[in-house]
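Structural overview for review
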Amino acid sequence: MVPEAEVQDVLDELQRLRARVPLLSGALAASTDGLVLAQDTPGIEAEGVAALTAAALGVSIRMTDATGRGGFRELLVRGETGYIATYAAGASAVLTLLAEDRINVGRLHLEGRRAGARIGEVVDAALAHADRPAPPARAPQPRTLPRRPTQDPS
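A brief structural summary.

Cut-offs applied
Residues numbered from 1 in each chain as written. Predicted model: local features only at pLDDT ≥ 70, side-chain atom pairs only at ≥ 80, totals over all residues. Heavy atoms only, no water. Helix = DSSP H or I, 4+ residues; strand = E, 2+ residues; numbered from the N terminus. Contact = heavy atoms within 4.5 Å. Areas by Shrake-Rupley, 256 points an atom, 1.4 Å probe, with all protein chains shown as cover. Expected span 1.5 Å × (residues − 1). Buried < 20%, exposed > 50% of the residue type's maximum accessible area, 1.4 Å probe, protein only. Arc of directions from axis to C-beta. Pairing = 2+ DSSP bridges. Axes fitted to C-alpha atoms, helices over the stretch in contact; angles between N-to-C directions. Core = buried A, V, L, I, M, F, W, Y, C linked by side-chain atoms within 4.5 Å. Salt bridge = Lys/Arg side-chain N within 4 Å of Asp/Glu carboxyl O.

A word on the overall build of the protein. If you tally the helices and strands in the protein, you get three helices and five strands. In the protein, the order of α-helices and β-strands from amino to carboxyl end is α-β-β-α-β-β-β-α. Within the protein, counting contacts between residues at least 6 apart in sequence, those at least 24 apart form 50% of the total. When the accessible surface of the protein is totalled, it reaches about 10,100 Å², and 55% of it is carbon and sulfur.

This part takes up helix α1 (residues 4-20). An ideal rise of 1.5 Å per residue puts 24 Å on 17 residues; α1 measures up with 24 Å between its terminal C-alpha atoms. Of the residues making up α1, those classed as buried are Val-7, Val-10, Leu-11, Glu-13, Leu-14 and Leu-17. Projection of α1 onto a plane perpendicular to its axis shows the buried side chains occupying an angular sector of 155°, all on one side. What points out from α1, more than 90 degrees from its buried face, is the exposed set Glu-4, Ala-5 and Ala-19.

Below, the discussion takes up the sheet that holds strand β2 (residues 36-40). Taken in spatial order, the five strands of this open sheet run β2-β1-β5-β4-β3, and their pairing is antiparallel. Looking at which strands have only one partner, the edges of the open sheet turn out to be β2 and β3 (74-79). Geometrically, the sheet is characterised by an average inter-axis angle of 10° between neighbouring strands, direction not taken into account. Relative to β2, α1 is tilted by about 30°, and along the sheet it contacts β1 (24-31), β2 and β5 (93-100).

Our next topic: helix α2 (residues 46-66). Taking 1.5 Å of rise per residue, the 21 residues of α2 would be expected to cover 30 Å, and the 30 Å separating its terminal C-alpha atoms lies within 8% of that figure. Looking only at α2, the buried set comprises Ala-46, Val-49, Ala-50, Thr-53, Ala-54, Leu-57, Ser-60 and Thr-64. Mapping the buried residues of α2 onto a view down its axis gives an arc of 145°, with all of them on the same face. Residues of α2 that are exposed and point over 90 degrees away from its buried face: Leu-52, Arg-62, Met-63 and Ala-66. Turning to α2, the residues buried within the fold contact β1, β2, β3, β4 (82-89) and β5.

In terms of nonpolar packing, the biggest core is built from 27 residues, with Leu-24, Leu-97, Leu-108, Ile-119 and Val-123 touching the most fellow members. If you list the elements that add at least two residues to this core, you get α1, β1, β2, β4, β5 and α3 (105-131). When residues of this core are assigned to their parent elements, the largest contribution, six residues, is made by α3. In contact with Leu-97, other than residues within four places in its own chain, are Leu-17, Leu-24, Gly-26, Ala-27, Tyr-83, Ile-84, Ala-85, Tyr-87, Leu-108 and Gly-112. Leu-28, Val-49, Phe-72 and Val-94 belong to the second largest nonpolar core, which has seven residues in total.

Turning our eyes to something else, we now look at the pattern of salt bridges. For the coordinates displayed, the defined rule picks out nine salt bridges. Residues Arg-20 and Glu-13 are paired through a salt bridge, measuring 3.7 Å at the closest nitrogen-oxygen approach. Judged by relative accessible area, Arg-20 falls into the partly exposed class, the value being 28%. By relative accessible area, which is 5% here, Glu-13 ends up buried. Residues participating in the shared-partner salt-bridge network are Glu-13, Arg-16, Arg-20, Arg-107, Glu-111 and Arg-118.

Before going further, it helps to spend a moment on the pairing of β3. In regular strands, side chains alternate between the two faces of the sheet. Pairing analysis gives six bridges linking β3 to β4, with the strands arranged antiparallel. When the bridges of β4 are listed, Glu-74 appears paired with Tyr-87. In textbook terms, the turn of a hairpin is the stretch between consecutive antiparallel strands, and for β3 and β4 this stretch comprises two residues.

Have a look at this one:
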C-alpha cells in the first residue's frame, strides 16, 4: 500500500510528536479502512485500535453528513483516565493519539492537527505516486547497420 520509505517518514513524525507532547502515551497512523501504517503505541494492540478507529470514523462521517457539518476533521473521546483523539490525515489516513487525562486539550488539538496534516501529505503523495500508471514500455528498435555505398564498376 504505502512504500516502506514513506512508512518510515510517518513513524518518524509519530515519534517527533510524542517527543513534543510528553503526555501522549501512544500514536498511530492508519488507513481509513483500519490498517496500521505506522505506530508508536507501547503496551497497546495497534491493530485493534486501528480497526476501532475505522469504525468510529465511519460513524463520525455519517454524523457530519447527517448534520450538514462537512467532511470529517477530528474526533475526541474522553475516558476516566485519558483521551483518544483521531484526526484526518489527508484523504486516505487518520492519526489516532492516546493521551493522559492531565494533557492540555488545546495543545493536543494543535499538535494533532499539525501532525495529521504532515502525515496526510506523505501518505497521499505516496499513494498518488503508486497509482500513476507506469509509462508504456517501448519495444526495442531493431538496429540496422548503415548501408555501404555500392561502387559503380564503370
